[in-house]
Amino acid sequence: MTIKLYGFPPSHATRRAAVIFKELGVPYELVKVDMLTDEHKAAAYLAHQPFGQVPYIDDDGFVLFESRAIGRYLVAKYAGPAQKGLMPTAEDPQRMALFEQAANVELGNFDVYMNALSWEVIFKRYSKLMTDETIVADLLKTLNSKLDAYEVLLSKHRYLAGDEITLADLFHLPFGNTMGSMGYDLLTTSSRPNVSRWWRDISSRPAWQAVKENA
Ligand SMILES: N[C@@H](CCC(=O)N[C@@H](CS)C(=O)NCC(=O)O)C(=O)O
């Protein structure tokens, strides 16, 4: 049975899950949850995702939410031999630990600030609120310093957890793309050549190109 991905096609987290389906070549059926009409807050949706957030998947009755957990599950269950490296396991404790380090870097040093920045620059206006330019400037300053640390990591190896791409790199794609669409060059500036090399590399992958606009 085809896995169902319940999500809102343009949402960051829905596309974060979708890009992993595409990387693995696992077919999915997107079931659109209309966030514009608050479908994600309706009782029928909350029965599967009690936080009222997109996405979740239904794999033949197995329901799972949190886009990064979905990515890990898909790799664990469906990756072919050439794709196993997307999620290093305890067979190689050091590789696994470096992967977990990179995955936590994405959550703690990128996602949290990009969430806040996109709220200020893009989403506030949907609630008829004004962008606070002081907050924007602060967030950009923080993100610049975080990306300076990425530059150090990426000057030592091709991807965040080593020379092989992992889920930790791919998890950056939705918000990294939004960085550019908001008009900020933090991922492409020549002052961080390794970050821009890495960003060009991961963002040009066919899997991302397929879901960049909509899951
Ligand atoms: N950590 C969750 C975040 C999910 C999330 O925040 N989704 C957003 C859309 S991108 C959402 O549903 N927001 C509505 C809300 O939080 O009420 C994941 O990665 O799946």
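Residues numbered from 1 in each chain as written. Predicted model: local features only at pLDDT ≥ 70, side-chain atom pairs only at ≥ 80, totals over all residues. Heavy atoms only, no water.

Per an unreviewed UniProt entry, the protein is named glutathione transferase, and its organism is Rhodofomes roseus. Reading the Catalytic activity (unreviewed entry) entry of the UniProt record for the protein gives the comment "RX + glutathione = an S-substituted glutathione + a halide anion + H(+)". UniProt lists a comment for the protein under the heading Sequence similarities (unreviewed entry), and it reads "Belongs to the GST superfamily. Phi family." (UniProt positions renumbered as here; feature names shortened; annotations may be inferred.)

Trainee: So what exactly am I meant to see when it comes to the overall build of the protein here?
Mentor: Helix and strand content of the protein: nine helices and four strands. In the protein, the order of α-helices and β-strands from amino to carboxyl end is β-α-β-α-β-β-α-α-α-α-α-α-α. Taking 17 Å as the expected radius of gyration for a compact globule of 215 residues, we find that the protein reaches 17 Å, a close match to that expectation. Expressed as lengths along the three principal axes of its C-alpha atoms, the size of the protein is roughly 50 × 45 × 25 Å. Taking the intrachain contacts of the protein between residues at least 6 apart in sequence as the baseline, contacts between residues at least 24 apart amount to 65%. Looking at the protein as shown, the accessible area adds up to about 10600 Å², and 55% of this sits on carbon and sulfur atoms. Between the centroid of the 23 positive side chains of the protein and the centroid of its 26 negative side chains there is a distance of 2 Å. (Helix = DSSP H or I, 4+ residues; strand = E, 2+ residues; numbered from the N terminus. Rg over C-alpha atoms; globule rule 2.2 N^0.38 Å. Contact = heavy atoms within 4.5 Å. Areas by Shrake-Rupley, 256 points an atom, 1.4 Å probe, with all protein chains shown as cover. Lys, Arg positive; Asp, Glu negative; His and termini not counted. Charge placed at Lys NZ, Arg CZ, Asp CG, Glu CD.)

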